[in-house]
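What follows is the residue order along each chain.
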Amino acid sequence: MSQGESRYGSPEPQLKSRLPKGTSHRFVSASLHKLAAEVELATPERERWVVQVESFYDARGRVYLELADATPAEAARGVALIKKLVG
């Protein structure tokens, strides 16, 4: 769990994942999509961010929030939500 940054410099709450070498890309992708679904379901209706998934072929990936307003307050809410879900 970390506060990333988009290519435009906006805050981007994210959860990076690295699975053991040799894990199939399909399993990595499914795991990330499952987590993204949990984030979507836990997101309050008032929030306007978009939950995104990015996976790579070396057993890595991330789930991140594309923030609507990219304010520090919105980023903090996103980080808090992800932390709550992953413990």
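Scroll up to find the structure.
Because the structure is a prediction, the values reported are computed rather than measured.

**Observations regarding the pairing of strand β4 (residues 60-66)**
Phase 1 of the analysis: For β4, a buried count of 5 out of 7 residues is recorded, marking the element as mostly surrounded by other parts of the structure.
Phase 2 of the analysis: Looking at chain direction, strand β2 (residues 11-18) and β4 are connected through 5 bridges and run antiparallel. When the bridges of β4 are listed, Q14 appears paired with Y64.
Phase 3 of the analysis: Pairing between strand β3 (residues 50-55) and β4: 6 bridges, direction antiparallel. Bridge pairing in β4 links S55 to G61.
Phase 4 of the analysis: Between β3 and β4, which pair antiparallel one after the other, the connecting turn spans 4 residues, and A59 there sits at a positive phi close to 65°.

**A short note on the layout of surface pockets**
Phase 1 of the analysis: In this model, the largest pocket occupies a volume close to 230 Å³.
Phase 2 of the analysis: Along the wall of the largest pocket there are 13 residues; nearest its centre are S6, R7, Y8, E12 and E66.
Phase 3 of the analysis: Top element by residues in the lining of the largest pocket is β4. It accounts for 4 residues.
Phase 4 of the analysis: Tallied by class, residues from the lining of the largest pocket come to 6 nonpolar, 2 polar and 5 charged.

**A word on the side chain of R62**
Phase 1 of the analysis: With respect to the element layout, R62 can be found in strand β4.
Phase 2 of the analysis: Assessed through its relative accessible area of 15%, R62 is described here as buried.
Phase 3 of the analysis: Among the polar contacts listed, one links the side chain of R62 to the side chain of E54, at a separation of 2.6 Å.
Phase 4 of the analysis: Those residues in contact with R62, other than ones at most four positions away along the chain, are E12, Q14, L15, K16, L32, Q52, V53 and E54.

Basis of the calculations
- Residues numbered from 1 in each chain as written.
- Predicted model: local features only at pLDDT ≥ 70, side-chain atom pairs only at ≥ 80, totals over all residues.
- Heavy atoms only, no water.
- Buried < 20%, exposed > 50% of the residue type's maximum accessible area, 1.4 Å probe, protein only.
- Helix = DSSP H or I, 4+ residues; strand = E, 2+ residues; numbered from the N terminus.
- Pairing = 2+ DSSP bridges.
- 1 Å grid on protein atoms, 1.4 Å probe; cavity = no way out; pocket = protein on both sides within 12 Å on 5 of 7 lines; lining within 4 Å.
- Points joined across faces, edges and corners; volume = space filled by probe spheres on them.
- Nonpolar A, V, L, I, M, F, W, Y, C, P; charged D, E, K, R; others polar.
- Polar contact = N/O pair within 3.5 Å; in protein donor to acceptor, adjacent residues only side chain to side chain.
- Contact = heavy atoms within 4.5 Å.

Distances and angles like these do not, on their own, reveal function.
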